Amino acid sequence: MRPTAISTLLVLATLVAVACGDDEEKSPATAGTGGADAGTGGSAGTGGDASVPPPTPPVAVPISAWRVTSVTNAATDPVIGAVSDGTFTLPPIGDYLGLDWSDVTPGQNGELIEANADLIYAVAEVEVPAGHHVFARGDTVASFLVGKSQRQPGDFYASHALRVPVLTRSAKGLVVVRALGRRGAPQVELWSTSAELHVNVQDVTLPDLVQGSTEPRPLGVAVLNLGDTALSDVSASVVESEDFAASSVVHPHLAGSAVTQLSFELTPKATEKAELVAKLRVSSPSLTHGYDAELKIPVVAPGARHRRTRRSQVDGSTQYYSVLPPKGLPAGEKPGLVLSLHGAGVEAKGQAEAYGPMSWAYLIAPTNRRRFGFDWEEWGRLDAMEAFEHALSTLPVDPLRTHLTGHSMGGHGSWHVGVHFSDRFAVIGPSAGWISFDHYGGQPLPTGVLGRARAASKTLDFKENVANDAVYIVHGSADTNVPVGQAQTMFKELGGIVKDLTYHEEPGQDHWWDLDPNEEGADCVDYAPLISLMQQKQRDPTWLDFRFVSPGPWVSSRRSFVTVRSVSSPMQNFEVTSTANGTTVNVVTKNVRSLTLDAAALAKKGITSVTLDGTPHAVASTPIEVGPTSGKRADLSGPLNQIFQRPFCFVWDDAGSVVYRDYVSLLVSWWSTIGNGHACGLPLSKLTATLEAERNLVFVGTPAPGGLPIDWSPSAITLGQKKLQNAALAFVYPKGERLRAYLVTTAGSEQLLFRYVPFSSRAGMPDFVAFGQTGVIGSGFFDAEWKLDPTLAEGL
């Protein structure tokens, strides 16, 4: 499926890409993680002030008609500017802002109108009882806009499950819906409640418990803070019941007017029934009430496909991967592990259901964080490798019998993950996979500094990394989704590099195909010759002859016995070439500042000495450390997106503009809706030393703390020799063992912040970027010692 960049509809196209992914796959199993029958939720529980009446349950807000128009070209959209500067009012029927407005009566499920245009706007004056808040569902909606700066994301991909806060500051307001055109009729529904929270049981990340196992499993639920104030010490509790032991997970802060995923811990007492009921409660000293929900937790037989949940190291959220255990495993044999990446719109559970059980291996299918997620890049790549590592450490598998495959967007993921982590897999088997955004989506990758921030996307730049793998390419000759030329190009590119290379083009078959529907498994993914090759192969954990190319340690730092800690210049790929000769290995590097060689692994191979860039080193029992230990390193190096790769909190200046708080609310909700993620948000006045030590911090609108290579004040941003007015700045910088980021503007330019939304497969930024009304003003990387170097920047 072709990636579709929604960025130009939401933010300045020259600055970032906001949301992208393939269109709906032509394959089965596109069900979401939750559903209407997942459970009940949102009611007020015990606790809090008993004298205060319980909140009212959500009720539909009736909208008799929406005032609707369409915008043919998003680049000339007059509405977003009028909303942002506060001049927008309820349009009259007819001409307003040069657009033709008319009334549309919504359908039974909130359907509006289809339009052959980039954007559809729908506007309504909403009023609910005093003390009530409004939340919404918006399928194929880009965003909800209230006032000058309250913005919340819609559900681009129409899962029907997502909910976001809309009216939280007042019981009356003008709600502006900004929807995506050419995707059918948008659906918009609003609900009103006096509750402080809404526990959205439609958007859950559930495990399947396995009969006979009482192993604890995390559970994730999207929770909306419907108030305008951040909550502190939020407990996500499982209430003691017949089925589950009591447990509680404390989340430090929930931003106001935002949705985020909360993780709960399920500890089953027994798993003999077909279904267990979990009683959940969300509570906080900041709340008047506790809020309860019930969820039905499936129990499956041993050996059955099941969803296995885990807590992500990225943000502490609950993610899952689907597991297909082996069937008929020979006695005494340790099974292998196949990592299979799904296509766009396909649920991970459905990906596993497209395979028949193997006699020799587990198959796992991670989620990409959502059905569309991140094209298996950025946080999608992290999700794939986190699931892989979790399975290796918790399933009884042979770590040398590991393989990678995937279909469509997942076929691209097989290329992308494969070239960056090639030594973790023996066989790489993409099916119907596209190469990269520029080869398939028709959108050139950026060049210069921005291009370097997104260099990992350039699959062909790293093709030599798979030289030691077995590569098996599968594609249908009549594929109308991903042209077969994508596979043919990869076969040609790898022809002189990969020794064990196989290409299969299935005659006359389209994107999704199954040659024998009576057999379990769909042949386009569960292709017998590919699976047979995997069964025969195992990887060598310590390659001695290889060439390793990487955009930087922040993407992939390790190959075989070599771990690159830092590079000399972030503007170039680094390269490591290793060649064995008897008991000696010769290693030649390019653009490598510091590295570590695993001497113990080399000794197991019989290597007694290493020559590194002309300098000999004896192989002993301790690692060989070469180069500086100060400055940047793999987990503390930037670029900007790295701040969001460990648990993070947004911190806004509560003494500053309200835009800062609203911008944090948008980012928290965006991370939840696009990445099924958890993020905390709090005002600067509530920041504690404990939180500083535990989280990466993203400061929004806060004063410059001093001691940084970039400075700012209400009047100007100082970037090198430049002083920028009417500008915004985003940059990352270390503080001890953690990263910090700063998202700031000059006074009066706070609305510029909404042009930067980082959570996308194509929103990678360098260490710093300054931007204004017309786009990027200056951007670049800090050097290896975190100093500002004009030679690593543009626009300084």
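You'll find the structure just up there.
Colleague: Help me understand the overall build of the chain, please; the structure alone is not making it clear to me.
Modeller: The helix and strand tally for the chain stands at 12 helices and 48 strands. Relative to its length of 796 residues, the chain is compact, with a C-alpha radius of gyration of 26 Å against a globular reference of 28 Å. Each principal axis of the C-alpha atoms in the chain carries an extent, and together these give about 80 × 70 × 55 Å. For the chain, restricting intrachain contacts to residue pairs at least 6 apart in sequence, the fraction spanning at least 24 positions comes to 74%. A total of about 27,400 Å² of accessible surface is found on the chain, and carbon and sulfur atoms cover 51% of it. Charge centroids of the chain, computed over 62 positive and 81 negative side chains, lie 5 Å from each other.

Colleague: So what exactly am I meant to see when it comes to the pairing of strand S27 (residues 470-476) here?
Modeller: Consecutive side chains of a regular strand alternate in pointing toward one face of the sheet and then the other. Taking burial as the measure, the 7 residues of S27 include 7 buried ones, the bulk of the element. Residues of S27 alternate between two faces, with Ala470, Tyr472, Val474 and Gly476 on one and Val471, Ile473 and His475 on the opposite face, all of them buried. The pairing of strand S26 (residues 427-431) with S27 spans 3 bridges and is classified as parallel. Paired with Ile428 across the bridge in S27 is Val471. In the classification by handedness, the crossover that spans S27, the intervening helix H8 (residues 485-494) and the parallel strand S28 (residues 500-506) is right-handed.

Colleague: Looking at this structure, how should I read the side chain of His251?
Modeller: Within the secondary structure layout, His251 lies in strand S17 (residues 247-254). Among the polar contacts listed, one links the side chain of His251 to the backbone oxygen of Ser263, at a separation of 3.2 Å. Every residue in contact with His251, bar those within four places of it in the chain, is listed here: Asp233, Val234, Ala236, Leu262, Ser263 and His678.

Colleague: Explanation requested: the sheet that holds strand S39 (residues 680-683) in the structure shown.
Modeller: Spatially, the 8 strands line up as an open sheet ordered S39-S38-S40-S45-S44-S46-S47-S48, and their pairing is mixed. Strands at the two margins of the open sheet, each flanked by one partner only, are S39 and strand S48 (788-794). Between one strand axis and the next, the sheet turns through 20 degrees on average, direction left out of account. Docked against the sheet, helix H11 (residues 658-675) engages strand S38 (648-652), S39, strand S40 (696-700) and strand S45 (738-745), running at close to 160 degrees with respect to S38.

Colleague: In this structure, what is going on with the side chain of His420? I would like to understand it.
Modeller: Tracing the chain through its elements places His420 in helix H5 (residues 409-420). A relative accessible area of 0% means that His420 is categorised as buried. Those residues in contact with His420, other than ones at most four positions away along the chain, are Ala456, Phe462, Pro551, Val555, Ser556 and Arg559.

Colleague: Just checking my understanding: could you explain the environment of Ser560 for this structure?
Modeller: Looking at where Ser560 falls in the secondary structure, it is placed in the loop between strand S30 (558-559) and strand S31 (562-567). Sequence separation between Ser560 and Asp598 is 38 residues; the distance between their C-alpha atoms is 8.5 Å. Every residue in contact with Ser560, bar those within four places of it in the chain, is listed here: Asp423, Pro541, Thr542, Trp543 and Phe546. From its side chain, Ser560 meets the backbone oxygen of Trp543 in a polar contact 2.5 Å long.

Colleague: Looking at this model, I keep getting lost on the sheet that holds strand S7 (residues 133-139). Mind explaining?
Modeller: Strand pairing within a sheet occurs via backbone hydrogen bonds; the two strands may be parallel or antiparallel. Pairing in this open sheet of 4 strands is antiparallel, and the strands run S2-S12-S7-S10 from one edge to the other. With one partner strand each, in any of the chains shown, strand S2 (59-60) and strand S10 (164-167) form the two edges of the open sheet. With 7 bridges connecting them, S7 and strand S12 (residues 187-193) associate as antiparallel partners. For Phe135, the partnering residue across the bridge sits in S12 and is Trp191.

Colleague: It is not clear to me how unusual backbone geometry should be interpreted in this structure. Could you clarify?
Modeller: Negative phi is the rule for most residues except glycine; trans is the rule for most peptide bonds. Between Gly638 and Pro639 the backbone carries a cis peptide bond, its omega angle lying at 0 degrees. Positionally, Pro639 belongs in the loop between strand S37 (624-626) and S38.

Colleague: Explain the pairing of S26 to me, please; I cannot follow it from the model alone.
Modeller: Of all 5 residues in S26, 5 are buried; the element is thus mostly enclosed. Taking every second residue as pointing to the same face, both faces of S26 are buried, with Val427, Gly429 and Ser431 on one and Ile428 and Pro430 on the other. With 5 bridges joining them, strand S25 (residues 402-407) and S26 adopt parallel strand pairing. Across the sheet, Leu404 pairs through a bridge with Ile428, a residue of S26. At this point the chain moves from S25, through H5, to the parallel S26, and the crossover so formed is right-handed.

Colleague: Would you explain helix H9 (residues 528-536) in this entry?
Modeller: A turn of α-helix holds 3.6 residues, and therefore any two residues three or four places apart point the same way. Buried within H9 are the following residues: Leu530, Ile531, Leu533 and Met534. Projected onto a plane normal to the axis of H9, the buried residues spread over an arc of 155 degrees and lie on a single side. Exposed positions of H9 whose direction lies more than 90 degrees from the buried face are Ala528 and Gln536. Those residues of H9 that are buried lie in contact with strand S23 (336-341), S25, S26 and S27.

Colleague: Can you help me understand the state of the cysteines in this one?
Modeller: Joining two cysteines, a disulfide is a covalent bond between their sulfur atoms. One pass over the full model with this rule turns up 1 disulfide. Disulfide partner of Cys649: Cys680, at an S-S distance of 1.4 Å. Residues Cys649 and Cys680 are joined by a disulfide whose S-S torsion is about 120 degrees; by sign, that bridge is right-handed. Taken as a pair, Cys649 in strand S38 and Cys680 in strand S39 lie far apart in primary sequence, 31 residues in all. Comparing Cys649 with Cys680 shows no difference in burial state: the two are buried.

Colleague: What am I meant to see in the packing of aromatic side chains here?
Modeller: Note on aromatic pairs: each is described by the distance of the centres and the angle between the planes. Tallying each qualifying case throughout the model produces 36 aromatic pairs. Ring plane angle 25 degrees and centroid distance 6.3 Å describe the contact between Phe648 and Phe759, whose orientation is recorded as stacked. Note that Phe648 is positioned in strand S38 and Phe759 in the loop between S45 and strand S46 (768-772), a separation of 111 residues in sequence. In terms of burial, Phe648 and Phe759 fall into one category: buried.

Colleague: Even after reading the chapter, I still don't get the nonpolar core, so can you show me in this structure?
Modeller: The tendency in soluble globular proteins is for nonpolar side chains to be buried side by side. Counting 112 residues, the largest nonpolar core has Phe650 and Phe759 as its most contacted members. Sort the elements by how many residues they give to this core and H11 lands first, with 10 residues. In terms of nonpolar packing, the next biggest core, distinct from the first, is built from 33 residues, Val104, Ile120, Ala179 and Leu226 among them.

Colleague: For this particular structure, what's the right way to read the pattern of salt bridges?
Modeller: Pairs can form between side chains of opposite charge whenever their charged atoms are close. Considering all chains together, one arrives at 35 salt bridges under this definition. Among the ionic pairs, Lys349 bridges to Glu353, the shortest N-O distance being 2.8 Å. With a gap of 4 residues between them, Lys349 and Glu353 both fall in helix H3 (residues 348-353), about one helical turn apart. The exposure class assigned to Glu353 is partly exposed, which follows from its relative accessible area of 40%. The shortest N-O distance in the salt bridge between Lys537 and Asp500 comes to 2.7 Å. In this pair, Lys537 sits in the loop between H9 and strand S29 (546-550) while Asp500 sits in strand S28, placing the two residues 37 residues apart along the sequence. Judged by its relative accessible area of 28%, Lys537 falls in the partly exposed class. Classification of Asp500 as partly exposed rests on a relative accessible area of 26%.

Here is what the cut-offs are and how they apply
Residues numbered from 1 in each chain as written. Predicted model: local features only at pLDDT ≥ 70, side-chain atom pairs only at ≥ 80, totals over all residues. Heavy atoms only, no water. Helix = DSSP H or I, 4+ residues; strand = E, 2+ residues; numbered from the N terminus. Rg over C-alpha atoms; globule rule 2.2 N^0.38 Å. Contact = heavy atoms within 4.5 Å. Areas by Shrake-Rupley, 256 points an atom, 1.4 Å probe, with all protein chains shown as cover. Lys, Arg positive; Asp, Glu negative; His and termini not counted. Charge placed at Lys NZ, Arg CZ, Asp CG, Glu CD. Buried < 20%, exposed > 50% of the residue type's maximum accessible area, 1.4 Å probe, protein only. Pairing = 2+ DSSP bridges. Right-handed = clockwise from strand over helix to strand, strands pointing away. Polar contact = N/O pair within 3.5 Å; in protein donor to acceptor, adjacent residues only side chain to side chain. Axes fitted to C-alpha atoms, helices over the stretch in contact; angles between N-to-C directions. Arc of directions from axis to C-beta. Disulfide = S-S within 2.5 Å. Phe/Tyr/Trp six-rings, centres within 6.5 Å; stacked < 30°, edge-to-face > 60°. Core = buried A, V, L, I, M, F, W, Y, C linked by side-chain atoms within 4.5 Å. Salt bridge = Lys/Arg side-chain N within 4 Å of Asp/Glu carboxyl O.

Keep in mind these numbers describe shape, not what the thing actually does.
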